[in-house]
Amino acid sequence: MSVTITHDHAQNRFEIYVGSEVAGHSEYLESDGIRTFHHTVTLPKFRGRGLAAALTEYALDDTRTQGLRLVPACWFVRDFIEATGDRYSDLVLE
């Protein structure tokens, strides 16, 4: 099945689909050029496939493209950034 990632601006979240089903999402708050990622979820039947990592990578790449900084309040986003070395560290507010 195909995997698609979208950005739902109205809901302040990125969504990942497997086929036509929402498999997970990453929620954020945005203010003054800062995205605070506070919750990332993969639905139980889709876990173990690396979908949360793909979703997070997409969300962080979009954050960079938009010229925004970020606060990784969500433990998954924080751990993902740490695991990628310096790839996203420039986006993180200290």
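Data block above holds the structure.
1. So, the overall build of the protein chain
Consideration 1: In terms of regular secondary structure, the protein chain is built from two helices and five strands.
Consideration 2: Taken against the 2.2 N^0.38 rule, which gives 12 Å for 94 residues, the C-alpha radius of gyration of the protein chain at 13 Å falls within 12% of a compact globule.
Consideration 3: Counting only C-alpha atoms, the protein chain reaches 35 × 30 × 20 Å along its principal axes.
Consideration 4: Residue burial in the protein chain is summarised as follows: out of 94 residues, 38% are buried.
Consideration 5: Restricting to contacts in the protein chain with at least 6 residues of sequence separation, those with at least 24 account for 41%.
Consideration 6: Summed over all atoms, the accessible surface of the protein chain reaches about 5,300 Å², with 51% contributed by carbon and sulfur.
Consideration 7: The centroid of the 9 positive side-chain charges in the protein chain is displaced by 6 Å from the centroid of its 14 negative side-chain charges.

2. Remarks on the nonpolar core
Consideration 1: Among the nonpolar cores identified, the biggest contains 20 residues, and Phe37, Leu60, Leu70 and Ile81 are the most heavily contacted of them.
Consideration 2: Elements that contribute at least two residues to this core include exactly strand S2 (13-18), strand S3 (21-31), helix H1 (51-65) and helix H2 (75-83).
Consideration 3: Sorting elements by how many residues they give to this core places H1 first, with four residues.

3. What about the sheet that holds strand S1 (residues 3-8)?
Consideration 1: Read from one edge of the open sheet, five strands run S1-S2-S3-S4-S5, paired in mixed fashion. One side of each edge strand has no neighbouring strand; the edge strands of this open sheet are S1 and strand S5 (69-72). Neighbour-to-neighbour, the strand axes of this sheet turn through a mean angle of 25 degrees, independent of strand direction.
Consideration 2: Relative to S3, S2 runs antiparallel, the two being bridged by six bridges. Residue Val18 lies in a different strand from S3, and its bridge partner there is Glu21.
Consideration 3: Packing against the sheet, H1 makes contact with S1, S2, S3, strand S4 (34-42) and S5, and its axis sits at approximately 140 degrees to S2.

4. Observations regarding the pattern of salt bridges
Two side chains carrying opposite charge are able to pair once their charged atoms lie near each other.
Consideration 1: Considering all chains together, one arrives at eight salt bridges under this definition.
Consideration 2: Among the salt bridges present, the one from Glu21 reaches Lys45, with a minimum N-O distance of 3.0 Å. Of this pair, Glu21 sits in strand S3 while Lys45 is found in the loop between S4 and H1, placing the two residues 24 residues apart along the sequence.
Consideration 3: For Glu21, a relative accessible area of 36% puts it in the partly exposed group.
Consideration 4: Judged by relative accessible area, Lys45 falls into the exposed class, the value being 54%.
Consideration 5: With a closest N to O distance of 2.8 Å, Glu57 and Arg87 form a salt bridge. With a gap of 30 residues between them, Glu57 in helix H1 and Arg87 in the segment after H2 connect regions that are remote in the sequence.
Consideration 6: The partly exposed category is assigned to Glu57, whose relative accessible area is 28%.
Consideration 7: Sharing partners across several salt bridges, the network here consists of Arg13, Glu15 and Glu27.

Calculation rules
- Residues numbered from 1 in each chain as written.
- Predicted model: local features only at pLDDT ≥ 70, side-chain atom pairs only at ≥ 80, totals over all residues.
- Heavy atoms only, no water.
- Helix = DSSP H or I, 4+ residues; strand = E, 2+ residues; numbered from the N terminus.
- Rg over C-alpha atoms; globule rule 2.2 N^0.38 Å.
- Buried < 20%, exposed > 50% of the residue type's maximum accessible area, 1.4 Å probe, protein only.
- Contact = heavy atoms within 4.5 Å.
- Areas by Shrake-Rupley, 256 points an atom, 1.4 Å probe, with all protein chains shown as cover.
- Lys, Arg positive; Asp, Glu negative; His and termini not counted.
- Charge placed at Lys NZ, Arg CZ, Asp CG, Glu CD.
- Core = buried A, V, L, I, M, F, W, Y, C linked by side-chain atoms within 4.5 Å.
- Pairing = 2+ DSSP bridges.
- Axes fitted to C-alpha atoms, helices over the stretch in contact; angles between N-to-C directions.
- Salt bridge = Lys/Arg side-chain N within 4 Å of Asp/Glu carboxyl O.

Note that every value here comes from positions in space, so none of it alone points to a role or purpose.
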